[in-house]
Each structure stands twice: as structure tokens, then as C-alpha cells.
Amino acid sequence: MPGSVDETGAAGYRPLLFSIAYGMTGSVGDAEDIVQDAFLGMTRARQAGTTITDPKAYLTTAVTRLGINYLSSARVRRETYVGDWLPEPVVVPADGAGPAEHAELADSLSMAFLVLLEALSPVERAVFMLREVFGYGYPDVARITGKTEVNCRQIFARARQHIAEGGQAPDRAPPPARRAEGEELARRFFDAAAGGDMDGLLGMLAPDVVIHGDGGGKAQAVGKPLAGRQRVMRMLVALFRRGQAIGASIRLAWVNGQPGAVLHDAEGRVISVMELDVAGGVVQAIRAVVNPDKLGHIGPVSDVARLRAGRRAPQHGEGGNGE
């Protein structure tokens, strides 16, 4: 309950609780709701006479189990999602301005990693995250999930195998030197894209670079992942050329712990958020969230990319008009 003694005393747990809930749901808004529900549940339990000696353990357990319930009910919605699904971006401005209470632990949850987690069952996802991302021991994982330690070890091994098949381990927040390098590359990357510098862009793209777009059937986005340096370069130049025509602007940001940017229209409303996967000094993948339902927590959302009534979103195998 906002302002209660319980919440005030446990406020320091919020970044951890948010990151667990966000890692489970991939949704900023739903993660915040889950955290708030966990605090309300603790308040009500105490009002009913329950003694809670370890608020952190209580809240972590509540958030995890609420996340499992959320995923169980969200499965059908995900299966009918139009186009590529990407998580709601956690955005921190590159200059450090603005709220960043969710940034520290969410840095371990890149978009690529959260997409991989979608292949896991709700319980597998909870066990894997608690153990691998947040470093909980098996006794704590068992207590939080309500499973036995032996079962948790089996679940974790199975989940880790699924993740290994996806070819990626959890991303850790980069050290300061790598963070500065990534920010500088992002600056040059978006300057080249905005300036139509094709040679400059080509030099910053990996040969097998891939661009993913999430319009959710509500905004213009690529119909399926687009691969190849030349194709991605041409799409980016066309996208930013169109952006200039409508007076769009780019603001560098950290997106889920990775370098990226927020694109705004002439009125300062959010058009899309782009995350860059950088390795070996080049961009390996680009992920752009354009679905307006996933951008409202960042600020007012633009309608310049929104699909008009009667238009359908590009289907798999078709091109889109940009991010």
C-alpha cells in the first residue's frame, strides 16, 4: 500500500522485484503492477495477523508466483501475436537524465535474452532466472517456486539446455570501458543512418546483421527478420530519410542495458525504440519496438507509424515500411 510502513521499509527491494517481474513478463507496466500487488498482499497479510519476518523473501516469492500465473494466462495471447514479439523496452537516457530506478538489474535482461526465455515454460523461466540471472541458491529457488531442490536442479538443467540451443547466455551489464565504446558506436551509427552515409553504415554492420521489428499488427514494421548487411543498410537509410521528412529526431539511450535510441516525431512523441546488439566492434542485430502499446510508459506515443483502419500489418515474407 503506497506510503505504508511496510512499503517504505522495503522500498530498497523494488529494483530487484521489478527485474524479476519484468524478466518473467517482458512488460514494464505488468511488472510494475505485479510488484505493487506483492506489496499490497504483504500489507493485507500483516493486517490479518500474519507475522512476516523476512519481507524480501516474502516479496520475492510473491512476485515470482504472480509472474508464473501471468505467463500461464498470457500464453494464448503470445501465440496469436501478429509478427515478431519483442519485450517492452526499459529505456534510460544516455545522458543519465530521467528516472532510472529500474535500470541497474534490468541491464541483465537484454531483448535478445528475453526473447529466448519465451521458449521456456513459466516455471522453467522462473527457475532459470532466479538461479542464472539473480544468483539464488537452489534452496531459495525451491522455496520461492514451491518445488523441491531436486526438481529445481532438473528444471534448471532443462531450461539451460533450451537457452544453449538458442545460442546465447544472459547478458551482463557491460563494464564502463565497453559501455563507453558501445555508446560511441551507437552515436556514429545513428549519425550515419540519419545522414544517409551508406559506406559508414556498412562499416558498422556485421555481414550477417539482422533487424527485427515489433509492430504488433498496429504499426508499420518489417514482416519478418531481415538479414544481410546491404539489405539492412538500405532499410535504415530509407527509414531515416523518411524520418527527416517528418521532422523526426533521435535521442541516444540505453535500452535493456544495450546501446540504442528513442525516435521522436516533430512534436516530441515516441515513434519507436531501437536496441543495438554490439559485439566485435560492429552491430550484430537491431531490434525495434514500434507497437504503440509497448511505448506508452516512455512518454506520449506518436501515430505516424500506426496502421490506418483497413490496412493490414506486413505478414511473414513481406517487407515493411520501416520501424
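The numbers attached to residues start from 1 for each chain and follow its sequence in the written order. Only residues with pLDDT of 70 or above have their local features reported here, since the model is predicted, and side-chain atom pairs are shown and tallied only from 80 upward, although totals for entire chains, interfaces and linings are computed over all residues. To get the side-chain values, take all heavy atoms of the structure and skip hydrogens and water.

Some details on the overall build of the protein chain
What counts here: The way it works is that DSSP assigns letters per residue, a run of H or I at least four long becomes a helix, a run of E at least two long becomes a strand, and they are numbered from the N terminus. Partly exposed describes any residue whose relative accessible area lies between the buried limit of under 20% and the exposed limit of over 50%, with all areas from a 1.4 Å probe on protein chains only and scaled to the type maximum. The contact criterion used throughout is that any non-hydrogen atoms of two residues lie within 4.5 Å. For every accessible area listed, the method is Shrake-Rupley and the probe measures 1.4 Å; residues are considered covered only by the protein chains on display.
Summing up its helical and strand segments, the protein chain has 12 helices and seven strands in all. In the protein chain, buried positions account for 52% of the 323 residues. In the protein chain, once contacts between residues fewer than 6 apart in sequence are set aside, the share between residues at least 24 apart is 67%. Only carbon and sulfur atoms are counted for the fraction: they give 51% of the accessible area of the protein chain, which is about 14,300 Å².

As for the packing of helix H7 (residues 122-133) against helix H8 (residues 138-145)
Selection rule: Structural elements are reduced to axes, namely lines fitted to C-alpha atoms, with helices fitted over the stretch in contact, and the angle between N-to-C directions of any two is expressed from 0 to 180 degrees. Handedness of each helix crossing follows the sense of rotation of the near helix against the far helix: counterclockwise by less than a right angle gives left-handed, clockwise gives right-handed. Under the scheme applied here, ten amino acids are nonpolar (Ala, Val, Leu, Ile, Met, Phe, Trp, Tyr, Cys and Pro), four are charged (Asp, Glu, Lys and Arg), and all others, including Gly, are polar.
As a packed pair, H7 and H8 sit with axes 10 Å apart at the nearest point and diverge in direction by 145°. Remark: the crossing between H7 and H8 carries right-handed chirality. Taken together, the residues of H8 that come into contact with H7 (itself represented by Ala126, Val127, Leu130 and Arg131) are Tyr138, Val141, Ile144 and Thr145. Along the lines of polarity and charge, the residues of the contact of H7 with H8 split into six nonpolar, one polar and one charged.

Notes on the nonpolar core
Basically, it comes down to this: Among buried residues, those of type Ala, Val, Leu, Ile, Met, Phe, Trp, Tyr and Cys that are joined through side-chain atoms within 4.5 Å constitute a nonpolar core.
By size, the foremost hydrophobic cluster in this structure holds 48 residues, and its most contacted members are Tyr22, Val63, Leu117 and Phe128. Ranked by residues supplied to this core, first place goes to helix H3 (residues 28-47) with eight residues. Setting aside chain neighbours within four positions, we find Leu117 in contact with Gly23, Arg125, Phe128, Met129 and Ile163. Counting residues in hydrophobic clusters, the runner-up holds 34 residues, among them Phe190, Val222, Phe240 and Ile286.

Observations concerning the pattern of salt bridges
The test is simple: In the sections that follow, a salt bridge refers to a side-chain nitrogen of Lys or Arg positioned within 4 Å of a carboxyl oxygen of Asp or Glu.
Per the stated rule, a full pass over the model turns up 10 salt bridges. The residue Arg158 makes a salt bridge to Glu124 at a minimum N-O spacing of 2.7 Å. Of the two residues, Arg158 sits in helix H9 (residues 149-165) while Glu124 sits in helix H7, which places them 34 residues apart along the sequence. Shared partners join several salt bridges into a network, and the residues in it are Asp265, Glu267, Arg269 and Asp303.

Considering H9
For clarity, the cut-off: Helix span, expected: 1.5 Å multiplied by one less than the number of residues in the helix. This arc is taken over the directions from the axis of the helix to the C-beta atoms.
The end-to-end C-alpha separation of H9 is 24 Å, in line with the 24 Å expected for 17 residues at 1.5 Å each. Here H9 has its buried residues at Cys152, Ile155, Phe156, Ala159 and Ile163. Seen along its axis, H9 keeps its buried residues to an arc of 100°; they face one direction. Among the exposed residues of H9, those pointing more than 90 degrees away from its buried face are Val150, Ala164 and Glu165. Summarising the contacts, the buried residues of H9 are in contact with helix H6 (111-117), H7 and H8.

Regarding the confidence of the model for the protein chain
Here is the rule: As a per-residue measure, pLDDT tells how confident the predictor is, with possible values from 0 to 100.
Model confidence for the protein chain is summarised by a mean pLDDT of 85, while 84% of its residues fall at 70 or above. The least confident element of the protein chain is helix H1 (residues 5-9), whose mean pLDDT is 54; the most confident is H8, at 97. Within the model, the stretch residues 1-5 combines pLDDT values under 50 with nine contacts to residues more than four positions away or in other chains. Long-range and interchain partners of residues 312-323, a stretch whose pLDDT sits below 50, account for 40 contacts in this model, where long-range means more than four residues apart.

Overview of the packing of aromatic side chains
To describe a pair of aromatic rings, you give the distance between the ring centres and the angle between the ring planes. Put simply, the rule reads: Each Phe, Tyr or Trp ring, with Trp reduced to its six-membered ring, pairs with another whose centre is within 6.5 Å; inter-plane angles below 30 degrees give stacked pairs, above 60 give edge-to-face pairs, and intermediate values give tilted ones.
For the structure shown, the criterion picks out six aromatic pairs. With centroids separated by 5.5 Å and ring planes inclined at 20°, the aromatic side chains of Phe128 and Phe156 adopt a geometry described as stacked. Placement of the pair is Phe128 in helix H7 and Phe156 in helix H9, with a sequence separation of 28 residues. In terms of burial, Phe128 and Phe156 fall into one category: buried. Note on Phe189 and Phe190: the rings are 5.1 Å apart at their centroids and 90° apart in plane angle, and the pair reads as edge-to-face. Here Phe189 matches Phe190 in class, with each residue buried.

A few points about the packing of helix H2 (residues 14-25) against H7
Going by this rule: Note on terminology: angles under 35 degrees are roughly parallel, angles over 145 are roughly antiparallel, angles of 65 to 115 are roughly perpendicular, and the others are oblique.
Across the interface, H2 lies against H7 with an axial gap of 10 Å and an inter-helix angle of 140°. Comparing the axis directions of H2 and H7 gives the class oblique. Where H2 crosses over H7, the two elements pack in a sense that is right-handed. Across the interface between the two elements, Ser19, Ile20, Gly23, Met24 and Thr25 from H2 touch Pro122, Arg125, Ala126, Met129 and Leu130 from H7. Counted by class, the contact of H2 with H7 contains six nonpolar, three polar and one charged residues.

Here we look at the environment of Gly23
With respect to the helices and strands, the residue Gly23 is situated in helix H2. As for Gly23 and Leu109, which are separated by 86 residues in sequence, their C-alpha atoms are 6.7 Å apart. Not counting residues up to four positions away in its chain, the partners in contact with Gly23 are Leu109, Leu114, Leu117, Arg125 and Met129.

Digging into the environment of Phe113
Mapping Phe113 onto the fold places it in helix H6. Between the alpha carbons of Phe113 and Gly23 there is a distance of 9.4 Å; along the sequence they are 90 residues apart.

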